[in-house]
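Residue strings, one per chain:
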Amino acid sequence: MDRRLIAITLAWLVSAGAAAAQNPAPPNPDLPARASDPAHLRGGWYPWDPYQYRDYRRDVPILTGFDVEIERALGRIMSVEILLPEIAWENQLAALSAGTASEPRSRYAYFSKPYRTETDVLILPRGASGRYPFHTIEQMLDTFGKQKFRLGVVAGFVYADDRVNAFIADEAHRDQIVAVPSDAQNLRNLLAGVIDGFLADRITAATTAWRRHEGARIEEHPLRFSTNIHFMLSRATQTPQMLARLNDAIDELRRSGELRRIADVYAVPVLINQTLESEWFRILAFIGIVAFALSGVVLAYEGQYTLFGALVLAALPAVGGGIVRDLLLQREPLGIVQNPEALLTVFGTVLAGMVVIKTIPRIRAGLLTKYLQSHARLGTRLIEVFDAIALAAFTVVGVVVVLDTKAQPLWLWGPIAAVLTASFGGLMRDLFRHDRVIANLRGELYPEIAAVWGLALALFLEWEGERLQPDEIKLGVIVTILGAFLTRMVAIARGIKGWRYV
């Protein structure tokens, strides 16, 4: 394995093509230019989610991913057809070098401008970071050596620091290094106790854990190290002119915003879904569903509805808006089908409410009845607080669903989906009740809050598309939730109504 810091991505071979790498070397001006550029670039790919993978969602495997779509976009700009057979990384390097893979890669490959960055991290079991208080690469490697740390790595992968690669290649550490074909296997080994931790690209590790619903069982160590990622072009088949065309295409991809759009589709959803699957967000979403369902229970009690009527009144604000959103965005399967916990929560809330309603009259003038009567206003305030939490959480969910369905532009569909998710179910409930004054249309400041904060989050995520910093995305979600919640509470406290049309 070359000691250079070269990260794995697709290879463009052009009869033997290009690949991703770092530490660019200048092209060889002595190489004679070709008479004409080829119309095809032959490359290769290997499984590395979310950069390159097969999507089976429609039962037909489709090659896609962050790097795949970047290469296809560059091919369109350059008017070149990209051919991408599945080829192992080592074979891609061999094709590039035509038998000289042991030589420095600058001898057999041109390096393009960087098109993205990569950040590597150490993945540990949840709660284990405190046992490893190192802050630098040197301290980390020293700890690995002294503690005989069993380190998982991907075979053939070159990580974003020369010192790390040297440690892995050192025969003295052979017994500590567990090399496997993929990060998925590293994750399985970590959870099974075979290794103490593994190094991985930050986004790839997050995607692997997210796909397998294991994110709650692992964590990143705070130490991170990064590098730029480049494409490689084979010197055996390509010219400096083709390298110049490729660099111009990368500049155009950035200038047109296409690179950011691809990141929005393939990388940002993974990072933001990490936050949505965290325990604290699940609690907020659960509180919100219960609050929406309780509003239906109260109305069913006041209107003397049947049990079925109570279920409808509770389900519409809790899940109705999400169903309309999914139908509009053509989400498959619908969120309520894919994740029925929300509907089960509604059913449980309605049944619990029915038990309480039927039990209270039998207590007659007991202490509980007097307590409820004297604290009725407190109960109303609590429901309003929970409802504000639901508004904030569902605003974020609406924007995330737009990312998952790849609807564009995000700045338009993000706030629309936020409004549908957070408030359209309540509107349908009021229509079902033949309410003469629908609160969402003529009442309090409510859907406007979802629209404004949904737009703010959408614009932030579009800006974040090229940065891909999980901590910043998590902070953006938190700010959106706090902003929407506090805006709603201020509107309640000050009696602010919705913005008048006339």
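Each chain carries its own residue numbering, running from 1 in the direction its sequence is written. Confidence filtering applies because this is a predicted model: local features only for residues at pLDDT of at least 70, side-chain atom pairs given and counted only at 80 or more, and all residues used for totals across whole chains, interfaces and linings. Side-chain measures here rest on the full set of heavy atoms in the structure, leaving out hydrogens and waters.

**Student:** Explain the overall build of the protein chain here, please?
**Tutor:** Runs of E in the DSSP output that reach at least two residues are strands. Runs of H or I that reach at least four are helices, and both are numbered from the N terminus. For the protein chain, the count of helices and strands is 19 helices and 12 strands. Considering the protein chain as a whole, with its 502 residues, one finds that 51% of them fall into the buried category. For this analysis, residues touch if any pair of their heavy atoms sits within 4.5 Å. Pairs at least 24 apart in sequence give 79% of the contacts found in the protein chain among residues at least 6 apart. As presented, the protein chain carries roughly 23800 Å² of accessible surface, and 59% of it is formed by carbon and sulfur atoms. Buried residues are those whose accessible area, probed at 1.4 Å on protein chains only, stays under 20% of the maximum for their type, while exposed residues exceed 50% and partly exposed ones sit between those limits. To measure how exposed things are, a 1.4 Å probe is used in the Shrake-Rupley method; for residues, cover is taken only from the protein chains shown.

**Student:** In this structure, what is going on with the pattern of salt bridges? I would like to understand it.
**Tutor:** Oppositely charged side chains can form a pair if their charged atoms are brought close together. Salt bridge criterion: a side-chain nitrogen from Lys or Arg within 4 Å of a carboxyl oxygen from Asp or Glu. Throughout the structure, instances matching the rule amount to 18 salt bridges. Its salt-bridge partner being Arg-116, residue Asp-67 comes within 3.0 Å of it at the nearest N-O pair. Here the residue Asp-67 occupies a position in helix α1 (residues 66-78), and Arg-116 occupies one in strand β8 (residues 116-125), the gap between them amounting to 49 residues. On the accessibility criterion, Arg-116 (7% relative accessible area) is buried. Look at the salt bridges and you will find they share partners, linking Arg-76, Glu-258 and Arg-261 into a network.

**Student:** Would you mind showing me how to read the nonpolar core here?
**Tutor:** Phe-66, Ile-70, Met-140, Tyr-159, Val-164 and Leu-461 are the most contacted members of the largest nonpolar core, which totals 110 residues. For this core, the element with the most residues is helix α15 (residues 376-405), which contributes 12 residues. For Leu-461, the contacting residues outside a window of four places in its chain are Asp-264, Val-268, Ile-272, Val-399, Leu-403, Leu-410 and Ile-473. Nonpolar cores were defined as sets of buried Ala, Val, Leu, Ile, Met, Phe, Trp, Tyr and Cys residues, with membership established by side-chain atoms within 4.5 Å. The next biggest cluster of nonpolar side chains, apart from the first, holds 10 residues, and it includes Val-121, Ile-123, Leu-187 and Phe-198.

**Student:** When you look at the confidence of the model for the protein chain in this model, what are you seeing that I'm missing?
**Tutor:** A low pLDDT score tells you not to read the predicted coordinates there in detail. Confidence in the prediction for the protein chain averages 81 pLDDT; 81% of positions are at 70 or higher. Segment residues 1-37: pLDDT under 50, and 169 contacts once partners within four positions in sequence are set aside and those in other chains are kept. Confidence over residues 99-103 falls short of pLDDT 50; this stretch has 5 contacts with residues more than four positions distant or in other chains. pLDDT measures the predictor's confidence residue by residue and takes values from 0 up to 100.

**Student:** Whenever I open this one, the packing of helix α10 (residues 279-302) against helix α11 (residues 307-329) confuses me. Can you help?
**Tutor:** When two helices pack together, their arrangement is given by the angle between the helix axes and by the axis-to-axis distance. Where helices are involved, their axes are fitted lines through C-alpha atoms of the stretch in contact, as for all axes, and angles between N-to-C directions lie from 0 to 180°. Between α10 and α11, the shortest axis-to-axis distance is 7 Å and the interhelical angle comes to 145 degrees. With respect to the hand of their crossing, α10 and α11 are arranged in right-handed fashion. Where α10 abuts α11, its residues Ile-289, Phe-292, Ala-293, Ser-295, Gly-296, Leu-299 and Ala-300 lie against Ala-310, Leu-313, Ala-314, Pro-317 and Ala-318. For this classification, Asp, Glu, Lys and Arg are treated as charged, while Ala, Val, Leu, Ile, Met, Phe, Trp, Tyr, Cys and Pro are nonpolar and the rest, including Gly, are polar. Within the contact of α10 with α11, the residues separate by chemical class into 10 nonpolar, 2 polar and no charged. Each crossing is labelled by how the near helix is turned from the far one, with a counterclockwise turn of less than a right angle marking it left-handed and a clockwise turn marking it right-handed.

**Student:** For this particular structure, what's the right way to read helix α9 (residues 268-276)?
**Tutor:** One full turn of an α-helix is made of 3.6 residues, so residues set three or four places apart face in the same direction. Burial analysis of α9 places 8 of its 9 residues in the buried class, the great majority of the element. Three or more residues of α9 are buried, namely Val-268, Pro-269, Val-270, Leu-271, Ile-272, Asn-273, Thr-275 and Leu-276.

**Student:** Quick question: what am I supposed to make of a nonpolar patch on the surface here?
**Tutor:** Nonpolar side chains (Val, Leu, Ile, Met, Phe, Trp, Tyr) within 5 Å and like charges within 9 Å form the patches, drawn only from residues with over 30% relative accessible area and no salt bridge. Together, Leu-328, Trp-411, Leu-412, Ile-416, Leu-455 and Leu-459 line one region of the surface with nonpolar side chains, adding up to about 500 Å² of accessible area. At 3 residues, the largest contribution of residues to the nonpolar patch is made by helix α16 (residues 410-432). Among the secondary structure elements, Leu-328 is positioned in helix α11. Overall, the relative accessible area of 46% leaves Leu-328 in the partly exposed class.

**Student:** How do you make sense of the pairing of strand β12 (residues 218-234) when you look at a structure like this?
**Tutor:** Within a regular strand, side chains alternate between the sheet's two faces. Burial analysis of β12 places 12 of its 17 residues in the buried class, which makes it a mostly covered element. At least two DSSP bridges between two strands are required for those strands to pair. Here strand β7 (residues 109-111) pairs with β12 via 3 bridges, running antiparallel. Directly across from Tyr-110, in β12, lies its bridge partner Leu-233. Bridging between β8 and β12 involves 9 bridges; their strand directions are antiparallel. Within β12, the residue paired with Asp-120 across the bridge is Phe-225.

**Student:** Looking at this model, I keep getting lost on the environment of Thr-480. Mind explaining?
**Tutor:** Note on placement: Thr-480 falls in helix α19 (residues 470-494). Separated by 25 residues in sequence, Thr-480 and Leu-455 have C-alpha atoms that sit 9.9 Å apart. Setting aside residues up to four positions removed in sequence, Thr-480 forms contacts with Val-396, Trp-453 and Leu-457. A distance of 2.8 Å separates a polar side-chain atom of Thr-480 from the backbone oxygen of Gly-476. Throughout this description, a polar contact denotes any pair of N or O atoms lying within 3.5 Å of each other; where both atoms belong to protein, one of them has to be capable of donating a hydrogen while the other can accept it, and for residues adjacent in sequence the pair is counted only when both atoms sit in side chains.

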